[in-house]
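A structural walkthrough
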Amino acid sequence: MTVSDPVVEEVVATISRSATEIRQGLIGRRGTVDGENPSGETQAEADVWADELLGDRLASIDGVGQYASEERPDVVDCGDDPATSDAYAVAVDPLDGSSNLKSNNAMGTIFGVYDAALPARGETLVAAGYVLYGPITTLVIATDETVAEYELSGGERRLVERDVTVPEEPVVYGFGGRVPDWPDDFRAYAREIERELKLRYGGALIGDVNQVLTYGGTFGYPALESRPAGKLRLQFEGNPIGYVVEQAGGRSSDGERSLLAVEPDELHDRSPLHVGNDELIDRLEAALA
Ligand SMILES: O=P(O)(O)OC[C@H]1O[C@](O)(COP(=O)(O)O)[C@@H](O)[C@@H]1O
Ligand SMILES: [Mg+2]
Ligand SMILES: [Mg+2]
């Protein structure tokens, strides 16, 4: 199954082919480099390497006018301006959950294809998805048509599920941040959820969100007392993941509104991030109101 928009299909095909290579290239790149990323976080060797590999390949696609990533400060202009032409902008979290390199746990690659110049609202996404480097390498792609899951092997993608939807009955939850740093209203909501669902928290957004898509439930990285905007980045994490979950029939929220409706100020803006079954996100928003 291919994506009907040829530029999006080329982006997806490029990421699919690169994923097997990225997975293999993690070996020997588990250490850190001296620099920090624009969010002030230590970079792993693999973060920098995966960004360069994806940046070179995605920027050379005809119809991609901008490339941006969590690992570099500025947008790279690589074609026509998405603001004034048909070109798209591609935003990437090259390695999501890269601190899991050390402990050898799940990680991902996240991408969003925006029909607008970056930074942009998530409502301008035409496609988004992620690779999950678990025991198996899988790819989830959301477009306005469907959300599909593939297994990746040797650069090939094999369809596993044509129409992924968030299961109706929620089962799992995962919330980031330290409990004493949670605002009181979020803590009260979390206490209720803890009594109803099973905890799943692996330290990689992609691993945790994929459990929500598989079993139903919710993932949240909330606003913290010490960090009111939370930890995760809107362009590279919040918007693409919000788009995937909404296209799969669930909801996303920054605590007040759909993540896709949040107006960005800066490329590396952070936002509280909540996704999952409608009913749970409704309850979260009511608790924080
Ligand atoms: O270590 P914490 O605070 O639980 O944070 C985990 C969160 O941070 C992240 O690792 C941030 O992503 P990056 O690894 O791309 O910076 C998410 O994948 C994950 O949900
Ligand atoms: Mg990430
Ligand atoms: Mg990352």
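The preceding data block contains the structure.
Treat the numbers as computed from the prediction; the structure is a model and nothing was measured.

1. Here's the deal with the coordination of the magnesium ion (ligand 3)
All of the protein donors around the magnesium ion (ligand 3) are Glu70 (OE), Asp93 (OD) and Leu95 (O); their distances to the metal are 2.2 to 2.3 Å. For the magnesium ion (ligand 3), the single-chain donor residues occur in sequence as E-x22-D-x1-L. Distance-wise, the magnesium ion (ligand 2) is placed 3.8 Å from the magnesium ion (ligand 3), both being coordinated by aspartate 93. Side by side, aspartate 93 and leucine 95 carry an identical accessibility label, which is buried.

2. Some words on the layout of surface pockets
Volume-wise, the largest pocket comes out at about 520 Å³. Taken together, 29 residues make up the lining of the largest pocket; nearest its centre are Glu41, Gly97, Ser98, Ser99 and Lys231. Those elements giving two or more residues to the lining of the largest pocket turn out to be β2 (42-44), β5 (88-96), α3 (100-103), α5 (205-215) and β13 (217-221). Broken down by class, the residue content of the lining of the largest pocket amounts to 9 nonpolar, 8 polar and 12 charged. In this structure, the second largest pocket occupies an estimated 270 Å³ of space. Around the second largest pocket sit 13 residues that line it, and Arg23, Leu26, Asn104, Asn105 and Met107 are the ones nearest its centre. Across the lining of the second largest pocket, the residue classes break down as 7 nonpolar, 4 polar and 2 charged.

3. Re the sheet that holds strand β10 (residues 156-161)
Strand order in the open sheet made by the 8 strands is β4-β3-β5-β6-β7-β8-β9-β10, with mixed pairing throughout. Each edge of the sheet is formed by a strand with only one pairing partner; in this case those strands are β4 (76-77) and β10. Sheet topology places strand β3 (residues 64-69) next to β4; 2 bridges connect them, and they run antiparallel. Residue pairing for β4: glutamine 66 is matched across the bridge by aspartate 77. Its contacts with the sheet place helix α6 (residues 234-247) against β3, β5, β6 (107-114), β7 (125-133), β8 (137-143) and β9 (147-153), and it is angled at close to 100° to β7.

4. Some words on the sheet that holds strand β12 (residues 198-199)
Remark on secondary structure: sheet strands pair via backbone hydrogen bonds, oriented parallel or antiparallel. The strand order across the open sheet formed by 5 strands is β12-β11-β13-β15-β14, and the pairing between neighbours is mixed. Edge strands, defined here as strands with exactly one partner in the open sheet, are β12 and β14 (251-253). Pairing between strand β11 (residues 172-175) and β13: 4 bridges, direction parallel. Bridge assignment links phenylalanine 175 to a residue of β13, and that residue is glycine 220. Against the sheet, α5 engages β11, β13 and β15 (273-276), with an angle of about 160° to β13.

5. Description of helix α2 (residues 45-59)
The end-to-end C-alpha distance of α2, which contains 15 residues, comes to 21 Å, matching closely the 21 Å that a straight helix rising 1.5 Å per residue would cover. Buried residues of α2: Ala46, Asp47, Ala50, Asp51, Leu53, Leu54, Gly55, Leu58 and Ala59, and no others.

6. Describing the site of ligand 1
In the vicinity of ligand 1 lie 17 residues, with Asp96, Gly97, Tyr201, Leu205 and Tyr221 positioned nearest. Contacts to ligand 1 include aspartate 93, whose side-chain N or O atom sits 3.0 Å from an oxygen atom. In the environment of ligand 1, an oxygen atom lies 3.1 Å from a nitrogen or oxygen atom belonging to the side chain of arginine 233. Protein contact buries 82% of the 470 Å² of open area that ligand 1 shows by itself. Of all elements in the fold, only β5 and β13 reach the threshold of two or more residues within the shell around ligand 1. Examining the composition of the shell around ligand 1, we find that 3 residues originate from one element, β5, more than from any other. The class makeup of the residues in the shell around ligand 1 is 7 nonpolar, 3 polar and 7 charged. Each of domain 1 (6-161) and domain 2 (172-288) gives at least three residues to the shell around ligand 1.

The rules we used
- Residues numbered from 1 in each chain as written.
- Chains lettered and ligands numbered in written order.
- Predicted model: local features only at pLDDT ≥ 70, side-chain atom pairs only at ≥ 80, totals over all residues.
- Heavy atoms only, no water.
- Donors = N, O, S within 2.8 Å, 3.2 Å for Na, K, Ca; no water.
- Buried < 20%, exposed > 50% of the residue type's maximum accessible area, 1.4 Å probe, protein only.
- 1 Å grid on protein atoms, 1.4 Å probe; cavity = no way out; pocket = protein on both sides within 12 Å on 5 of 7 lines; lining within 4 Å.
- Points joined across faces, edges and corners; volume = space filled by probe spheres on them.
- Helix = DSSP H or I, 4+ residues; strand = E, 2+ residues; numbered from the N terminus.
- Nonpolar A, V, L, I, M, F, W, Y, C, P; charged D, E, K, R; others polar.
- Pairing = 2+ DSSP bridges.
- Contact = heavy atoms within 4.5 Å.
- Axes fitted to C-alpha atoms, helices over the stretch in contact; angles between N-to-C directions.
- Expected span 1.5 Å × (residues − 1).
- Near = heavy atom within 4 Å.
- Polar contact = N/O pair within 3.5 Å; in protein donor to acceptor, adjacent residues only side chain to side chain.
- Areas by Shrake-Rupley, 256 points an atom, 1.4 Å probe, with all protein chains shown as cover.
- Domains from an automatic or database assignment.

Treat this as a map of the structure, not an account of what it does.
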